[in-house]
Structure formats: structure tokens, C-alpha cells
Amino acid sequence: MNKGIILPKMAFTGIRKNGIVYFPYILTSAFSVCVFFIFNCIINNEFLKNVPHAAYVWLLLQIGNVLLGIILVPFLFYTNSFLIKRRKKEIGLYSILGLEKKHIAIMMFLETFFIYIISMIIGLITAVVFAKLCFLILLNASGLPIDITFTIPVNSFLLTLAFFGFVSFLNLGTNLFQVTRANPSDLLREPQKGEKEPKHLWILALLGILFLGWGYYIAVVSKINSMIFVNFFLAVLLVVIGTYFLFTSGSIVLLRTLRKNKKFYYKKSNYITVSGMIYRMKKSAASLVNICIFSTMVIITLLCTVSLTLGEKSAIRFENPLDANYIFENDKIMDKNGFDSELSRLAEENQVKITDKINFPYFIVTLEEKDNIFSILSENTGENKSSIRLLSLSDFNDIESQNMTLEDNEILVYSNTDDFKYDSVIVNGKEYRVKEELNSLRFDTKEKNNYSSGKVYFILKDYKSMEEMAKAFHGDTDYPFYSVWFNMDGETSNKEALLADLDKACAQMPGFYTSKNIIDWGYDVKSMDGGLLFIGVFFGLIFTICLLLIMYYKQISEGLEDKQNFIIMQQVGLSDDDVKSTIHRQIMLVFGLPLVIAILHTMMGLKITIQLLYSLNLYNTNLIFLCALGVIVVFTVFYILSYFLTASTYYKIVKGKS
């Protein structure tokens, strides 16, 4: 026998004959190659680092690329376990017929090599064809310039070849380890084996409840602070571990408890269903965990993506209550009227109307805050540091069109986060009575969930009182600032031209400090949200394909098992209708459970997801809830359709048509 010819032929024939499990895997691998390559092409194009407002996109793609690798390695490794399990009987037969282990190893190496080559060819060709289209979609979604030359770096090819070569080598090593350690008789029985029942079921079930409860607790109680992202990932990790323990152990404990209830168990439908479910859960636990986790990932990804897209305008406006803000050092600006004149002249030249203009001097003092006591910063201030803005009453009355009065040692207080809630303020040992806590300021937006830019304003009786309070402190309180806010009416291009001209003019003015405007900030937010949308769509597709592939393999496994179960149950006297009804009920329960748990995970994780969206200035909670409800409904419909789509393969196998 010429093994140099027969082994490659056997490898190719093995893939072709087992096409029902290999072809979906090859297509999924090709899709993974395509996505990974496109990500790397965009990241490795140098221009993206230099395009204005593209920094957010580049950083998000870098993070997305790392996460993509973290997701793809275990997923492709896991789906490979389905393939090798279906092949073990065939490999065992080869061993009995006289094929040595080294020849089996060569055949398996060739199979892996063929799959790798086919996946790379399909994936890379598809990626090269669609890479520029995806790139243009990214630029359009992010609001970046479209007229940019797109290149395909050689490094992207090399990195993609190396990454998927590593995954293929990992899968091959695992397969060889399993096959070479088992004897032929074990290999022949392998496809009929279920997963081993875990030991210490009650302990593992309780651990599952503990981990899941711990993850839920973190998700519910976490607040917007520097630890929000750490808490999010910790909650996800705990929920994944808890879900695994509950599916592998908790479900069996529950079914065994039902089996001990004689009144419930000793009924024909319940007897068969519970017994069958115990068997199925032993076999299905790992795959059901993956279906549940990927379902949760799809829902959360779509929820964040849809919410950010629909709430983008409100997030932009939150940071800019008025369209533009120019800040000067008050003691250095020589001619305040000169700025007003220049603004009016440039506005007229660019056909823009200036409205709602306000201007005022103010101090910024950074203090240590403890309840209503403010003092000079110490070395151990930490998170108690607070930024205080000092305004005069006359400026406040002009800005807000009010006519309020203050006595000596009286102040007005405004907090753009949660309410201040104190009747008095002690500043550096001096007590001020809070006459009123304000609910709004024209140039700052109040939001109690705002963590990143919290400010407190003290409105004092006059400018002299402001100066006295500021001079009691050190550091950044040596000079006051002068702020000008205004809105603009006109075409967007004209507004951009006005702001560009005004920035150039201000750069030549003494005392100019900084400026910001809603147009530039809008581009930054659109760039960031567009990058998130791009990543969200790709990851949503990846999670969905992972979910479909696991469901597909699950249906194949169930079908191959139930084909024999049909025969056995009919031989012991059950009618064909009873058998079909029982197995259908079990399958629906098996596939319905991950959906129910995924929705539960989403609802329990909704608060921390909302907190993360708050950190992106999306504070429209009602919108987020509506998006969550809509995404869950759409996903549930999709999940049910996916079940019936993959179930067709199951019924073909059971009925002997495949």
C-alpha cells in the first residue's frame, strides 16, 4: 500500500464524507479569518493614527482585535471537540483494520492542514474583496474623511496566517492526544458517550448559585467610578463560572430532586421527560453553557450598539449646553470688547448668527471635601477632592435673568451631579449659609449620574467675596478665568469656518486659555460611537455565528442519539406519537433553558450596562430600557427561528433521511 497516496486521499475523503460537521466549521473558520484580517488591515494602516478624531477609532479597534482573538481561540477549540468526537468511531475502525497510530496522526495532520488552507483561502479572498467596503463603512459611521487611500499591509497577512496556524496546531495537538491515548474499542464507543457526571453535585450546584449571586450583586450595586470597568469584567467572569456550574451540576440536582417526588415522577410523561432530561443534561451541559453565554453576549452587544446610536445627539449636547465656549485668563485679557467685536465680524463674514451669548469671570478652587466642609488639599485627599467654581451674584442674575439678593455670608449652591443637600457650607473654617440650592444653570447640565465631570458652583454676593475666598487657597487659584458662551445659527460648514477663524484670532489675543465647541466634540463622539458601532456589528455577527454553529452541532448530536432512542422506546411499547412528543418536549426544554437564563443574565446586568453607558455621557435611561426590551424581543424571535432552522437537520437524522 502506497501510504504517500492513500493517506492524503483518506484525509480528503474524511472531510468530504463528514461534510455535515466539517463544512459549517470550515465556513465559520473562513468567516473568522475574514473578520480578523479586516480588523488588522484597518489597524495597521498608518493614516488612521494621523486623521483628526480617529484616535478613538484606532484605540477601540485595538481593543476589539485583542478581544476578537480571546473569543476565537476558545470557540474554534470548542467546536473542534464536536468534530473529533464524531470522527473517533471512524478512526477506531481504521485502527482495527490495521492502520498504525503514526499513520492516523499523519492523516489527521493532513485533515487539519487541508481545513486550514481552505479556510485561509476563502477567508482571505473574501476579506480582500470586502476590506475596503468595511473600511468605508467604518469611516462613514465614524464621520471620518472618506477620500483616504486604503492599503492592505503585508503584516496583516502574516499575523492572520500565524494566528490561525496557532489555533489549528492547538486543535491538532488536542485531537492527537485524545486519539493516541485511547484504544480502538474506546474510540468506537466514543460518539455514544455522554459527558461524565461531575462529582460532588450538591457542592458544585451551591458554588454555582454563590458565583452567580456574587456576579449579580456586583452588577446591581456597582456605581460609576474608577472601578466600573473592573467590576463589569469581574461580574461577567463570575456569571460565566456560575452559569457553568449551574448547567453542569445544578440542573442535574434539580432533576434528581424531581425524580424523588413520587407523585410527580411516576406519571408517564414526567417519568420519560425527567429521565431523558437527566441524560441530556449530562451530555449537553457544556454546549448549553456556551449557547447561554453567546446569547447573552449578542443581547448586550446589540443593546449597547443600538442605545449609543439612538442616543448620540443627547450625549453630544450634554457636554455642550451652548454651542461654543472660549476661556481666557481674566487678568491677562486686555480687551474683552475686542473679542466681542472680532466674534461679530467673523460671524458676519461667515454668514452665521450669534445668539444667547453670555460672559462672566469665575475662579476655580480645588478643595478637600468632607460632607459640607471644604478645606485646603492635604496629601491624603484621594477621592475627596472637589472642584469648586466661584461666581458673583450679579453675573448669575445676568446669565439667568434673575433678580436674587444675598446677605453677607450667604451663598447660592449648584451641583451638576447629585444635589448638595446641606443648609450651610464651611470653607476653610468660615461658615456660609446656603440660601438656595439651584436646579439649573444655562451653561452646565445637571445629571446626578455624572461621574466624570462633576462640578459644584458657589455663587457669592460680589466679586470681592469671590476673590477673598479664592485667595484663601493656593495652587490653581492665583488668577480668575473669563468665560464666553454662545450659540450659532447657520449652515454647519459656515459654523466650522467661523470657529476655525475665531480660534486663529484668539491664539493671537493675550490671555487666551482654551476653547471647545459642539461641532468638534460631535465629531469626537461620532468617531467613538461609530467605532463602537462598527465593532458592535462585527462582534454581533461573530457571536451570532458562534451561537448558530453550536446550536447546529447540538442538533446533530441530539439527532444521532435520538435516532437510536426512537427505536428503543418503540421496542418497549411506547407509540410513535408518544416518542415524538417526549423527545420534542425534551429538546424544547434543553434549547429553551439557555434563552431564559440569557434573558435573566441580561436583566440582572442591565444596571451595570447602564452605568457603562453613563460613562459615555448617555444618560437617557428610558431609551436604554426601551432598547433592551426591543433587543430581547427581536433576539427571542431570532433564537426561535434559529432553533427551527437547525432543528431541520435533527429531524432529518432522526427520520433516517441523512
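Residues numbered from 1 in each chain as written. Predicted model: local features only at pLDDT ≥ 70, side-chain atom pairs only at ≥ 80, totals over all residues. Heavy atoms only, no water.

Student: Before we go on, may I ask you to explain the overall build of the chain in this structure?
Tutor: Per the secondary structure count, the chain includes 19 helices and 10 strands. Put simply, the chain has 658 residues, and 50% of those count as buried. A sequence separation of at least 24 residues applies to 83% of the contacts in the chain between residues at least 6 apart. Entry remark: accessible area of the chain is about 31,900 Å², with carbon and sulfur atoms responsible for 61%. (Helix = DSSP H or I, 4+ residues; strand = E, 2+ residues; numbered from the N terminus. Buried < 20%, exposed > 50% of the residue type's maximum accessible area, 1.4 Å probe, protein only. Contact = heavy atoms within 4.5 Å. Areas by Shrake-Rupley, 256 points an atom, 1.4 Å probe, with all protein chains shown as cover.)

Student: I would appreciate a short explanation of the nonpolar core in the present structure.
Tutor: Proteins that are soluble and globular tend to have nonpolar side chains buried together. Formed by 66 residues in total, the largest nonpolar core has its most connected members in Ile38, Leu68, Phe164, Ile291, Phe294, Tyr553 and Tyr639. Taken together, the elements giving at least two residues each to this core come down to α2 (19–43), α3 (55–96), α4 (101–142), α5 (154–181), α10 (268–310), α16 (518–571), α17 (576–604) and α19 (621–654). Residue contributions to this core peak at 14 residues, all from α16. When neighbours within four sequence positions are excluded, Phe164 is seen to be in contact with Ser29, Ser32, Val33, Phe36, Leu72, Leu76, Tyr116 and Met120. Ranked by size, the runner-up nonpolar core spans 23 residues in total, among them Phe328, Ala347, Leu498 and Ile519. (Core = buried A, V, L, I, M, F, W, Y, C linked by side-chain atoms within 4.5 Å.)

Student: Explanation requested: the packing of α2 against α5 in the structure shown.
Tutor: Each pair of packed helices gets described by two things: the angle between the helix axes and the distance between those axes. Where α2 meets α5, the axes come as close as 9 Å, and the angle between the chain directions of the two elements is 145 degrees. For α2 against α5, the interelement crossing comes out right-handed. Along the contact surface, α2 presents Tyr25, Ser29, Ser32, Val33, Phe36, Phe37, Asn40 and Cys41, while α5 presents Ser156, Phe157, Leu159, Thr160, Phe163, Phe164 and Asn171. Residues of the contact of α2 with α5, tallied by class, amount to 9 nonpolar, 6 polar and no charged. (Axes fitted to C-alpha atoms, helices over the stretch in contact; angles between N-to-C directions. Left-handed = near helix turned anticlockwise from the far one by under 90°. Nonpolar A, V, L, I, M, F, W, Y, C, P; charged D, E, K, R; others polar.)

Student: Can you help me understand the packing of aromatic side chains in this one?
Tutor: When we look at a pair of aromatic rings, we describe it by the centre distance and by the angle of the planes. Here the structure, examined in full by the defined rule, presents 26 aromatic pairs. Aromatic side chains Phe443 and Tyr457 sit 5.7 Å apart centroid to centroid with 75 degrees between the ring planes, which places their arrangement in the edge-to-face category. Remark: Tyr457 occurs in strand β8 (residues 456–460) and Phe443 occurs in the loop between β7 (430–437) and β8; sequence separation between them is 14 residues. There is no split in this pair, since Phe443 and Tyr457 are both buried. Measuring from centroid to centroid gives 6.0 Å for Phe635 and Tyr639, while their planes differ by 45 degrees, and the two rings are tilted. With a gap of 4 residues between them, Phe635 and Tyr639 both fall in helix α19, about one helical turn apart. Connected via pairs of aromatic rings, a cluster forms that spans Phe360, Tyr362, Tyr414, Phe443, Tyr457, Phe481, Trp485 and Tyr513. (Phe/Tyr/Trp six-rings, centres within 6.5 Å; stacked < 30°, edge-to-face > 60°.)

Student: Sorry if this is basic, but what is going on with the pattern of salt bridges here?
Tutor: Any two side chains of opposite charge can pair, on the condition that their charged atoms come close. Scanning the model with the defined rule gives 9 salt bridges in all. Of the charged contacts, one joins Arg317 and Asp323 as a salt bridge, the two residues approaching to 3.2 Å between their closest N and O atoms. According to the relative accessible area criterion, Arg317 is partly exposed, its value standing at 35%. With its nearest N and O atoms 2.6 Å apart, the salt bridge here joins Glu342 to Arg345. Of this pair, Glu342 and Arg345 are both found in helix α12 (residues 336–349), 3 residues apart, which corresponds to roughly one turn of the helix. Accessibility expressed as a relative area gives 38% for Arg345, which makes it partly exposed. What you see here is one network of salt bridges that share partners, running through Glu342, Arg345 and Glu349. (Salt bridge = Lys/Arg side-chain N within 4 Å of Asp/Glu carboxyl O.)

Student: In this structure, what is going on with the layout of surface pockets? I would like to understand it.
Tutor: Its volume calculated, the largest pocket comes out at about 1,900 Å³. Lining the largest pocket are 50 residues, with Leu67, Phe232, Phe233, Ile300 and Thr301 positioned closest to its centre. Those elements that provide at least two residues to the lining of the largest pocket are α3, α7 (201–221), α8 (228–260), α10, α16 and α18 (606–614). Among the elements that take part in the lining of the largest pocket, α10 stands out by supplying 12 residues, more than any other. A breakdown of the residues in the lining of the largest pocket according to their chemical character gives 39 nonpolar, 11 polar and no charged. (1 Å grid on protein atoms, 1.4 Å probe; cavity = no way out; pocket = protein on both sides within 12 Å on 5 of 7 lines; lining within 4 Å. Points joined across faces, edges and corners; volume = space filled by probe spheres on them.)

Student: Would you mind going over unusual backbone geometry with me for this structure?
Tutor: Where the residue is not glycine, phi is negative for most of them; where a peptide bond is considered, it is trans in most cases. Despite not being glycine, Ser401 has its phi angle at roughly 55 degrees, a positive value. Within the secondary structure layout, Ser401 lies in the loop between α13 (393–400) and β5 (410–415). In the Ramachandran plot, Asn409 falls in the positive-phi region, its phi being about 65 degrees despite a non-glycine side chain. Here Asn409 falls in the partly exposed class, since its relative accessible area comes to 38%.

Student: Is there a simple way to explain empty space enclosed by the protein in this structure?
Tutor: Rolling a probe over the atoms, with the probe sized like a water molecule, indicates the empty space that remains. For the coordinates displayed, the defined rule picks out 3 cavities of 30 Å³ or more. Tyr25, Asn80, Thr112, Ile115 and Asn171 are the residues nearest the centre of the largest cavity, which is lined by 22 residues in total. Mapped onto the lining of the largest cavity, the elements with two or more residues apiece are α2, α3, α4 and α5. Considering each element in turn, the lining of the largest cavity owes the most residues, 7 residues, to α4. Classifying every residue of the lining of the largest cavity gives 13 nonpolar, 7 polar and 2 charged.

Student: I would appreciate a short explanation of the environment of Tyr614 in the present structure.
Tutor: Turning to its location among the elements, Tyr614 is positioned in helix α18. A relative accessible area of 6% means that Tyr614 is categorised as buried. Between the alpha carbons of Tyr614 and Glu447 there is a distance of 10.0 Å; along the sequence they are 167 residues apart. A distance of 2.6 Å separates polar atoms of two side chains, one belonging to Tyr614 and the other to Thr621. (Polar contact = N/O pair within 3.5 Å; in protein donor to acceptor, adjacent residues only side chain to side chain.)

Student: What am I meant to see in the packing of α12 against helix α15 (residues 492–507) here?
Tutor: At their nearest, the axes of α12 and α15 sit 10 Å apart, and the two run at 150 degrees to each other. Judged on the interaxial angle alone, α15 and α12 are roughly antiparallel. Crossing geometry of α12 relative to α15 is assigned as right-handed. Across the interface between the two elements, Phe339, Glu342, Leu343, Leu346 and Ala347 of α12 pack against Leu498, Asp501, Leu502, Ala505 and Cys506 of α15. Tallied by class, the residues present in the contact of α12 with α15 amount to 8 nonpolar, no polar and 2 charged. (Parallel < 35°, antiparallel > 145°, perpendicular 65-115°, else oblique.)

Purely spatial values, then, with no claim about function.
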